[in-house]
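Listed here are the chains, written in short residue letters.
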Amino acid sequence: MNQNTKPVVGGLTKPVNLLEGSVSKCLLLFAFPLFIGQLLQQLYNMADAWVIGQFADDNAFAAVSSAGNIIFLIVGLFNGISIGGGVIISKYFGAKDEENVVRAIHNNFLFAVVSSVASTVIGLLIVPKILEWMNTPPSVLPQSLTYFGIYFAGVSTVIMYNICMSIMRSLGDSIRPLYYLIVSSLTNILLDLLFVAVFHWGVAGAAIATVISQALSVVLCIIRMLRVDDYTRLDIKKMKFDKKILGEVIKQGLPTGIQNAVISIGNIAVQTNINSFGEFAMAGVGAYSKIEGLVFMPIMSMSMSLPTFVSQNLGAKNYSRAKKGTAFGIIFGILTAELLGVLIYNFAPSLLAVFVESPESMSFGQLHMRTTSLFYCLLALSHCVAGALRGLGKSFIPMATMLAFWCGVRVVYVNSILNYIPRFEMISWAYPLTWALSSIVLTIALLRSDWTKAFENKTT
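Bear in mind that the values here come from a model prediction, so they are computed numbers and not experimental data. (Residues numbered from 1 in each chain as written. Predicted model: local features only at pLDDT ≥ 70, side-chain atom pairs only at ≥ 80, totals over all residues. Heavy atoms only, no water.)

## Quick word on the packing of aromatic side chains
For step 1, the next point in the chain: Inspection of the entire model under this criterion finds 16 aromatic pairs.
For step 2, the next point in the chain: Linked through ring pairs, Tyr147, Phe148, Tyr151 and Phe152 together constitute an aromatic cluster.
For step 3, the next point in the chain: Geometry around Tyr92 places Lys91 over its ring, the cationic atom sitting 4.4 Å from the centre.
For step 4, the next point in the chain: It is Arg370 that lies over the ring of Tyr345; its NZ or CZ is 5.2 Å from the centre. (Phe/Tyr/Trp six-rings, centres within 6.5 Å; stacked < 30°, edge-to-face > 60°. Lys NZ or Arg CZ within 6 Å of the ring centre and 35° of its normal.)

## Examining the environment of Tyr413
For step 1, the next point in the chain: With respect to the helices and strands, Tyr413 occurs in helix α16 (residues 396-420).
For step 2, the next point in the chain: Since its relative accessible area comes to 18%, Tyr413 is described here as buried.
For step 3, the next point in the chain: For Tyr413, the residues in contact, after removing those within four places along its chain, are Met426, Trp429, Ala430 and Leu433. (Helix = DSSP H or I, 4+ residues; strand = E, 2+ residues; numbered from the N terminus. Buried < 20%, exposed > 50% of the residue type's maximum accessible area, 1.4 Å probe, protein only. Contact = heavy atoms within 4.5 Å.)

## Let's talk about helix α9 (residues 243-275)
For step 1, the next point in the chain: Between its first and last C-alpha atoms α9 spans 45 Å; for 33 residues at 1.5 Å apiece the expected length is 48 Å, and the two agree.
For step 2, the next point in the chain: Most pronounced at Gly253, the bend in α9 amounts to some 40°, and the proline Pro255 follows within four residues.
For step 3, the next point in the chain: Where α9 begins, the side chain of Asp242 points an oxygen toward the backbone nitrogen of Lys244, at a separation of 3.0 Å. (Expected span 1.5 Å × (residues − 1). Bend = angle between axes of the 7 residues up to and from the residue. Polar contact = N/O pair within 3.5 Å; in protein donor to acceptor, adjacent residues only side chain to side chain.)

## Some remarks on the environment of Ile417
For step 1, the next point in the chain: Looking at where Ile417 falls in the secondary structure, it is placed in helix α16.
For step 2, the next point in the chain: Given the relative accessible area of 18%, Ile417 is considered buried.
For step 3, the next point in the chain: Distance in space between the C-alpha atoms of Ile417 and Ile427 is 8.3 Å, their sequence separation being 10 residues.

## Focus on the packing of α9 against α16
A packed helix pair is summarised by two numbers, namely the angle formed by the two axes and the spacing between the axes.
For step 1, the next point in the chain: The contact between α9 and α16 brings their axes to 9 Å, and the two run at 10°. When the axis of α9 is compared with that of α16, the two are roughly parallel. Residues Pro255, Ile258, Gln259, Val262, Ile263, Gly266, Asn267, Ala269, Val270 and Asn273 of α9 form the contact with α16, whose participating residues are Phe396, Pro398, Met399, Met402, Leu403, Trp406, Cys407, Arg410, Val411, Val414, Asn415 and Leu418. (Axes fitted to C-alpha atoms, helices over the stretch in contact; angles between N-to-C directions. Parallel < 35°, antiparallel > 145°, perpendicular 65-115°, else oblique.)

## Some details on the pattern of salt bridges
For step 1, the next point in the chain: Across all of its chains, the model carries five salt bridges by this definition.
For step 2, the next point in the chain: Here Glu99 and Arg103 are joined by a salt bridge, their closest N and O atoms 2.5 Å apart. Here the residue Glu99 and the residue Arg103 both occupy positions in helix α4 (residues 98-133), the gap between them amounting to four residues, near one helical turn.
For step 3, the next point in the chain: A salt bridge links Asp242 to Arg103, with the nearest nitrogen and oxygen atoms 3.9 Å apart. Highlighted residues: Asp242 in the loop between α8 (203-227) and α9 and Arg103 in helix α4, separated in sequence by 139 residues. (Salt bridge = Lys/Arg side-chain N within 4 Å of Asp/Glu carboxyl O.)

Structure (structure tokens):
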């Protein structure tokens, strides 16, 4: 199939035309490799946690398991912008505008290089201060500093992989990044066992394993991009910023990047309150976060697929098809999320036991899990609607909504309620509350959107 004439998606065994055929089949085929990729990423994150939990102490586990919000604070900013870059590439790809596709690819890649350097510097400078601000227990702080110091020294590998993956996915290829991630994940697990279980390097070993495995996936992505045999091939000679394209990328992606960063600040503020309940609370919630990340992957895969599907079809002026895909994605996300929520509610003790052994940590984790899991349908609704809005080019709306509720309301609620009811479960209720509020606002915004004017006068 000639990509110059037909945008495609990576299916399970062969390309599938993203602009034609069954909407549900097309979205599921595109989302499936994303799901497997997320599964592998989550598995090697869980491998870090499991190996640390088995071969180190609770303080080491708390240090690694509570790392997500701080990492996402910095990495999420640049990854959010990469989403905007993917929307721009998909739009031009759907409109068969080869010249602008080429410009968009090279602008995104060059942006990846610059942002990788910035992430490294920012992370190394501010993370120690953030850990102090979070009231990290003295028993956990030294190992947290070690883990983050190594992680952010090599964070460029994480940024580069995510942006390269975004470029490939926006062109319809969701399968090759999966292959590279399989290699990366297996490498990470083997290195975890070697560095932590055999060499006894603790959290340092887990961080080193992550950086090396991510670097491998970046190398594989770049090799592929340099060897593509059509106009989408990466060419070092074309590596220069284009003011128009970069402006579009920033316009579409910066709101998502800001959203990711500021929501992370909100989650860090919540994590600070969790930390105040001690290392058992940190470990219990950290174990829950690993489980939540695993079970919520089908929903995230669909929400990640919607921007590409919607923007390609809008670029091709297939408005009705874009709407049908959005409806299917939202319904799929809600139903799948609620089913998984019911399952982990019922199997909470067994799932938590994979990561933590102490009764105290189990108690905190189970309380948090059973407070939030039955409301996953609301979280799915917010994510899928936000994905569709980004595909429409309206990334500001999800940003403003999630900043208002997932950051502002969440932080105010937690800091206020604990003054009156100083019980751990009150922290957990912050999540269903803010998921519900964001779902209402985002759904109203989507229903009021004019699909025929999305990207108007921007594809030529």
